[in-house]
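This is what each chain is made of:
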Amino acid sequence: MSVFATFPNTRMRRMRRDDFSRRLMRESALSADDFIYPVFVLEGSQRSVAVASMPGVERQSLDLLLKTAERAVALGIPALALFPVIDAPLKSLGAEESYNANGLVPRVVRALKQHFPELGVITDVALDPYTSHGQDGLIHPDDPRGYVLNDETLEVLARQALCHAEAGADVVAPSDMMDGRVGRIRAELDGAGLIHTRILAYSAKYASAFYGPFRDAVGSAGNLGKGNKYTYQMDPANSNEALREVALDLQEGADMVMVKPGMPYLDIVRRIKDEFRVPTYAYQVSGEYAMLKAAAVNGWLDERACVLESLLGFKRAGADGILTYFALEAAAWLKD
């Protein structure tokens, strides 16, 4: 039985009439605390390379990235998520560079933790930036189908995660979607005594068409070519499967779970939050960013209003945090 009176005894617009009452009944709030800023790092110094398909986003060398990190700290953003741009000669079938203790990511992690110990550093655990074929795992050289090997890939991912954690990463974030990778990484970290390193699992990562600009940014698009990731990333048609993936990752030791992409999958965020009530994150991916930016550049949308509305939608759906390329801008707007 409904407990609500009907019109005219109930007038929903009464509470919307003034700013104070709108604020008093507001169900969701957005702040800089909700943002994780994804950044692209490359070798060298004083290097800044624009990502053509992501206006305003740049690949940066470490010296410039430190300035970006300083701005993020000043704005109150809790963490950066690192994505490396690996030089072509270092890519291989075995992705050996992914666990090089003197490689790009470990060096960047050490520098960030030295300069900004309070800033959370999250590293991507996946092989696609390091493989010569652009896939997230190993492929047998004699396999004409190019099927990504699961268990063999786990061993490389575990070494990569350990390498990052030993360098000082606060969070390792396996984004590969191999079966069992969270458990294998947790065992590797715990075996090395790194029990405080958190795992942010890309638990519901879909084989989405929205990733194109990101692959341009990290330089894996050319290696991947006409290939796809359908044999390990999730089918966009599926929802119940996401709950199974999350349950498995939590059982294996994940501290946080993520849905990727974001806005087209907010129903998945809500289902996961309602079902498990664990720290749940979503990634406003490169394609989402590019669309909003393109519309704003052309004067078709109010950038500030639409970006903040889209980010608030993540919070309303149940996300505890959002990986977004708008993090710096949004945090600054929220301070106004």
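These figures come from a predicted structure and were not determined experimentally.

Considerations on the environment of P174
Tracing the chain through its elements places P174 in strand 8 (residues 171–174). Owing to a relative accessible area of 0%, P174 belongs among the buried residues under this scheme. When the C-alpha atoms of P174 and E97 are compared, they prove to be 16 Å apart, with 77 residues separating the residues in sequence.

Some words on the pairing of strand 4 (residues 79–84)
Among the six residues of strand 4, six are classified as buried, and the element is accordingly described as predominantly covered. Side chains A79, A81 and F83 of strand 4 all project onto a buried face; the interleaved residues L80, L82 and P84 project onto the opposite face, where all are buried too. Bridge count between strand 1 (residues 35–42) and strand 4: six bridges; the pairing is parallel. Looking at the pairing, V41 lines up with P84 of strand 4. Regarding topology, helix 3 (residues 104–115) serves as the crossover connection from strand 4 to the parallel strand 5 (residues 120–125), and that connection is right-handed.

Focus on helix 12 (residues 327–335)
Those residues of helix 12 not exposed but buried are A327, L328, A330, A331 and W333. Those residues of helix 12 that are buried are in contact with strand 1, helix 2 (62–75), helix 11 (303–317) and strand 12 (321–324).

Remarks on the pattern of salt bridges
Any two side chains of opposite charge can pair, given that their charged atoms come close. Under the criterion given, the structure shown has 19 salt bridges. One salt bridge connects R22 with D19, and the closest N-O pair in it is separated by 4.0 Å. With R22 and D19 both in helix 1 (residues 19–24) and three residues apart, this pair spans about one turn of that helix. Taking relative accessible area as the criterion, D19 reaches 38% and is therefore assigned partly exposed.

Observations concerning the packing of aromatic side chains
Overall, the coordinates contain seven aromatic pairs when judged by the stated rule. Their ring planes at 45 degrees and their centres at 6.1 Å tell us that F40 and F83 sit as a pair that is tilted. On the criterion of sequence distance, the pair formed by F40 in strand 1 and F83 in strand 4 is long-range, its members being 43 residues apart. Exposure remark for F83: the relative accessible area of 2% places this residue in the buried category. Geometrically, the ring pair formed by F40 and Y325 is stacked, given 6.0 Å between the ring centres and 15 degrees between the ring planes. Placement of the pair is F40 in strand 1 and Y325 in the loop between strand 12 and helix 12, with a sequence separation of 285 residues. Judged by its relative accessible area of 1%, F40 falls in the buried class. By relative accessible area, Y325 is classed as buried at 4%. Chaining the aromatic ring pairs together yields one cluster made of F40, F83, Y283, Y289, Y325 and F326. It is R159 that lies over the ring of Y99; its NZ or CZ is 3.9 Å from the centre. Here K205 stacks its cationic end above the ring of Y211, 6.0 Å away from the centre of that ring.

Some words on the packing of helix 11 against helix 12
Interaxial distance between helix 11 and helix 12 falls to 11 Å at its minimum, and their mutual angle equals 100 degrees. Classified by the angle between their axes, helix 11 and helix 12 sit roughly perpendicular to one another. Contacts between helix 11 and helix 12 involve E303, R304, V307, L308 and L311 from the former and E329, A330, W333 and L334 from the latter. Grouping the constituent residues of the contact of helix 11 with helix 12 by class yields six nonpolar, no polar and three charged.

Calculation rules
Residues numbered from 1 in each chain as written. Predicted model: local features only at pLDDT ≥ 70, side-chain atom pairs only at ≥ 80, totals over all residues. Heavy atoms only, no water. Helix = DSSP H or I, 4+ residues; strand = E, 2+ residues; numbered from the N terminus. Buried < 20%, exposed > 50% of the residue type's maximum accessible area, 1.4 Å probe, protein only. Pairing = 2+ DSSP bridges. Right-handed = clockwise from strand over helix to strand, strands pointing away. Contact = heavy atoms within 4.5 Å. Salt bridge = Lys/Arg side-chain N within 4 Å of Asp/Glu carboxyl O. Phe/Tyr/Trp six-rings, centres within 6.5 Å; stacked < 30°, edge-to-face > 60°. Lys NZ or Arg CZ within 6 Å of the ring centre and 35° of its normal. Axes fitted to C-alpha atoms, helices over the stretch in contact; angles between N-to-C directions. Parallel < 35°, antiparallel > 145°, perpendicular 65-115°, else oblique. Nonpolar A, V, L, I, M, F, W, Y, C, P; charged D, E, K, R; others polar.

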